[in-house]
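So the chains spell out like this:
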Amino acid sequence: MTASARTPAAAPIPVQAPAWFISDLHLTPGMPRTLAAFQRVLDRAAQNARALFILGDFFEFWVGDEETASPFAAGVAAALRQLAEAGVPVYLMHGNRDFLLGRRFAAAAGATLLHDPTVIECAGLRVVLSHGDMLCTDDERYMRFRRWTRRGWVQRLFLMLPLSSRLAVARRLRADSEAGRARQLANADAMPPTYGDATPSAVSALLEASNATALVHGHTHRPARHEHDGRVRWVLTDWDLDGRHPRAAALQLDADGFTVLPQTD
Ligand code: MN
């Protein structure tokens, strides 16, 4: 990866506090409790937040903006739009499962699509936001896949396929990735310690390039607060209220700093 790919594109976005950050909801019609928790967090954000950032893998997968017309996606978009129209700006960043989310969905949701990474200024802090997959640089197989799938011409070719073929590809990729995770868990001892996690040197490089004191990202499903040379890295939880280990939270940034707000109730 070149240095420029990691360098935030534009000047920091000024954001009013409190700002809320969520990611990895993996919304899909098959997870109704998770969808309900998402609806609840929007209601709470309308009352308590001044901005909502969704840092990728918002949908379980997304193979093209025609999906915006599906009843499921249209309902999600309408819910986001309601928040945006209530005066709480909504920002969307791509994840590795929904990087084809495009302008049509963003317009329907009243949301602004963000470059990954993006720097914001909020509550006196300069914070860099990322989905987080580009920080997992030790996973060379994935990084190769990522470079290919982010090429404009590869995406244009893929989008020329019929929707049914694209859905079949997405299901196949998801099955591969799930099998990979299962193998990883079974062989935990055999793997290098950073496998599937953010690589410390990539984290330091991003914080450095962004001139930021905090990094917020998702993707790894390892929610935590880490310190790196006096800078802080917050990892967001994934959401799942339909499985055996319910989890959901928003991270808030306001004048008191960062606070985790559980959303499991
Ligand atoms: Mn991800």
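In this report, we go over the structure that sits alongside the text. Starting from 1, residues in each chain are numbered consecutively following that chain's sequence as written. For a predicted model such as this one, the threshold for reporting local features is a pLDDT of at least 70, and the threshold for listing and counting side-chain atom pairs is 80 or more; totals across whole chains, interfaces and linings nevertheless cover every residue. The basis for the side-chain values is all heavy atoms of the structure; hydrogens and waters are excluded.

**Side note on the overall build of the protein**
Filter applied, for reference: Secondary structure elements follow DSSP: runs of H or I of four or more residues count as helices, runs of E of two or more count as strands, with numbering from the N terminus. Taken over C-alpha atoms, the radius of gyration is set against a globule rule of 2.2 Å times the number of residues to the power 0.38. When accessible area is computed with a 1.4 Å probe and restricted to protein chains, residues below 20% of their type maximum are described as buried, those above 50% as exposed, and intermediate ones as partly exposed. Pairs of residues are marked as contacts when any of their non-hydrogen atoms sit within 4.5 Å. Charge counting follows a simple rule: Lys and Arg are positive, Asp and Glu are negative, and His as well as the terminal groups are ignored. Here the site of a charge means NZ on Lys, CZ on Arg, CG on Asp, or CD on Glu.
Of regular secondary structure, the protein possesses eight helices and twelve strands. The C-alpha radius of gyration computed for the protein amounts to 18 Å, which stays within 12% of the reference 18 Å derived for 265 residues, consistent with globular compactness. Taken over the C-alpha atoms alone, the protein extends approximately 45 × 45 × 40 Å along its principal axes. Residue burial in the protein is summarised as follows: out of 265 residues, 46% are buried. For the protein, long-range pairs separated by at least 24 residues make up 70% of all intrachain contacts whose partners lie at least 6 apart in sequence. Charged side chains in the protein number 29 positive and 28 negative. The centres of these two groups are separated by 5 Å.

**Comments concerning the pairing of strand β4 (residues 90-93)**
Side-chain positions along a regular strand alternate between the two faces of the sheet. For clarity, the cut-off: DSSP-based pairing: two strands are paired if at least 2 bridges between them are found. A clockwise path from the first strand over the helix to the second, with the strands pointing away from the viewer, defines a right-handed crossover.
On β4, burial covers both faces: V90 and L92 on one face and Y91 and M93 on the other are all buried. Sheet analysis places strand β3 (residues 51-55) next to β4, joined by four bridges and oriented parallel. Bridging across to β4, L55 finds its partner in M93. In the classification by handedness, the crossover that spans β3, the intervening helix α3 (residues 71-85) and the parallel β4 is right-handed. Bridge analysis of β4 against strand β5 (residues 111-114) gives four bridges, and the strand direction is parallel. What sits directly across from Y91, in β5, is T112. Handedness of the crossover joining β4 and β5 through helix α4 (residues 103-109): right-handed.

**Topic: the nonpolar core**
The following threshold applies: Working definition of a nonpolar core: buried Ala, Val, Leu, Ile, Met, Phe, Trp, Tyr and Cys residues. They are joined through side-chain atoms within 4.5 Å.
F38, F58, L80 and F105 are the most contacted members of the largest nonpolar core, which has 38 residues in total. Mapped by element, the contributors of at least two residues to this core are β2 (19-22), α2 (32-48), β3, α3, β4 and α4. Dropping the residues within four chain positions of it, F38 is found in contact with L25, L27, F58, V76, L80 and W239. One finds Y91, A214, L251 and F258 within the second-largest nonpolar core, a separate group that totals 21 residues.

**Let's talk about the pairing of β2**
Along β2, one buried face is formed by A19 and F21 and the opposite face, lined by W20 and I22, is buried too. Strand direction decides the pairing type here: β2 and β3, joined by four bridges, are parallel. Within the sheet, the bridge partner assigned to F21 lies in β3 and is F53. In the classification by handedness, the crossover that spans β2, the intervening α2 and the parallel β3 is right-handed. Here three bridges tie β2 to strand β11 (residues 249-254), and the two strands are oriented antiparallel to one another. Within β11, the residue paired with A19 across the bridge is L253.

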